[in-house]
Amino acid sequence: MNVIKPYRFMSKQEIEQVALDILNRVQANRKRPLKGNCVAEAVADYLDIGIVWETIVPDREGYIAAMILPIQRKIIINDQIPALEGGFGQSTIGHEIGHWLLHIEHHALDVFKERMSSELIMTVEPFLCRSVTAKKGIEWQAQYLASCLLMPLYKLEEARRGRDFTKWRHLYAVADELGVTISNLTNRLQSLGWIYIPKASKQIYQGNNFSKIS
């Protein structure tokens, strides 16, 4: 049974709004504000999705970073990949949540569950994630949503007060506050046009959209 939606183009603005909507819903259910590296887990908890760290055996196509088990409402993160710890682990969880929100056909899941008690044999394959750095298609969409969850605009606007985003030490401080990697943060800021870092360079320049920040 296919529970994956057909691909469709989604603008950055549309994905930003999906992320903001779920963050608002999560925050409305909490007494304390969302902070740092608890965001991905808090969203997963709100969606009633379990997060499990365990070994995922590679297949013929190579290693698998993570997977979603739709019927079990579970995200499996490969504990054999050390790079998935810390901030990158948060990004991976956010990435899988991105797939859950954007690409899983939840109506089809409901139909499947209704028929599970019948004699009809049906299967739902795991949703495999081999990379969280893809630059196109549904993988890009999921990763962009992850960046919007972990680094929403309003948090970045708060973080920039009294800081210079063209200085690495200020960026590292913000990355630490948000519980993300420095790569996550710089990619997000460059996507927004707030900063620009030429390839093979460590120099940070002010982006074209920086002056538009209120």
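Residues numbered from 1 in each chain as written. Predicted model: local features only at pLDDT ≥ 70, side-chain atom pairs only at ≥ 80, totals over all residues. Heavy atoms only, no water.

**Brief notes about the overall build of the protein chain**
Point 1. The helix and strand inventory of the protein chain stands at eight helices and six strands.
Point 2. When each of the 214 residues of the protein chain is scored for burial, the buried share is 43%.
Point 3. Counting only contacts in the protein chain whose residues sit at least 6 apart along the sequence, the fraction spanning at least 24 positions is 64%. (Helix = DSSP H or I, 4+ residues; strand = E, 2+ residues; numbered from the N terminus. Buried < 20%, exposed > 50% of the residue type's maximum accessible area, 1.4 Å probe, protein only. Contact = heavy atoms within 4.5 Å.)

**Notes on the packing of aromatic side chains**
Point 1. This structure, assessed with the given rule, holds three aromatic pairs.
Point 2. Plain terms: the ring middles of Trp 168 and Tyr 172 are 6.2 Å apart, the flat faces sit at 45 degrees to each other, and that makes the pair tilted. On the criterion of helical spacing, the pair formed by Trp 168 and Tyr 172 is a turn pair, its members being four residues apart in helix 7 (residues 168–178).
Point 3. Taking relative accessible area as the criterion, Trp 168 reaches 27% and is therefore assigned partly exposed.
Point 4. For Tyr 172, a relative accessible area of 48% translates into the label partly exposed.
Point 5. Seen from the ring of Trp 168, Lys 202 lies directly overhead, with NZ or CZ sitting 5.9 Å from the centre. (Phe/Tyr/Trp six-rings, centres within 6.5 Å; stacked < 30°, edge-to-face > 60°. Lys NZ or Arg CZ within 6 Å of the ring centre and 35° of its normal.)

**A look at the pattern of salt bridges**
Point 1. Throughout the structure, instances matching the rule amount to three salt bridges.
Point 2. Salt-bridge contacts for Glu 14 lead to Arg 8; the nearest nitrogen and oxygen are separated by 2.6 Å.
Point 3. According to the relative accessible area criterion, Glu 14 is partly exposed, its value standing at 29%.
Point 4. The class of Arg 8 is partly exposed, set by a relative accessible area of 45%.
Point 5. A salt bridge links Arg 163 to Glu 177, with the nearest nitrogen and oxygen atoms 2.4 Å apart. Of this pair, Arg 163 sits in the loop between helix 6 (153–159) and helix 7 while Glu 177 is found in helix 7, placing the two residues 14 residues apart along the sequence.
Point 6. Judged by relative accessible area, which is 27%, Arg 163 ranks as partly exposed. (Salt bridge = Lys/Arg side-chain N within 4 Å of Asp/Glu carboxyl O.)

**So, the packing of helix 7 against helix 8 (residues 182–192)**
Point 1. Two numbers describe how helix 7 lies on helix 8: the axes approach to 9 Å, and their chain directions differ by 110 degrees. Of the possible angle classes, the one that applies to helix 7 and helix 8 is roughly perpendicular. Within the contact between the two elements, helix 7 uses Trp 168, Leu 171, Tyr 172, Val 174 and Ala 175 and helix 8 uses Ile 182, Leu 185, Thr 186 and Leu 189. (Axes fitted to C-alpha atoms, helices over the stretch in contact; angles between N-to-C directions. Parallel < 35°, antiparallel > 145°, perpendicular 65-115°, else oblique.)

**Considering unusual backbone geometry**
Point 1. Although it is not a glycine, Arg 73 sits at a positive phi angle of roughly 50 degrees.
Point 2. Within the secondary structure, Arg 73 is located in the loop between strand 2 (66–69) and strand 3 (74–78).
Point 3. Classification of Arg 73 as partly exposed rests on a relative accessible area of 25%.
Point 4. One non-glycine residue with positive phi stands out, namely Ala 200, at about 60 degrees.
Point 5. The residue Ala 200 is located in the loop between strand 5 (195–196) and strand 6 (205–206) in this model.

**Concerning the confidence of the model for the protein chain**
Point 1. On average, residues of the protein chain carry a pLDDT of 88, and 88% of them reach 70 or more.
Point 2. Of all helices and strands in the protein chain, the one with the weakest mean pLDDT is helix 4 (residues 106–115) (72), whereas helix 1 (residues 12–28) scores best (97). (pLDDT = per-residue confidence, 0-100.)

**Some details on the nonpolar core**
Point 1. Counting 54 residues, the largest nonpolar core has Val 43 and Leu 185 as its most contacted members.
Point 2. Non-local contacts of Val 43, meaning those with residues more than four positions away in its chain, are made with Ile 22, Leu 23, Val 26, Ile 97 and Leu 149.
Point 3. Within the second largest apolar cluster, five residues are counted, among which are Ile 56, Ile 64, Met 67 and Leu 69. (Core = buried A, V, L, I, M, F, W, Y, C linked by side-chain atoms within 4.5 Å.)

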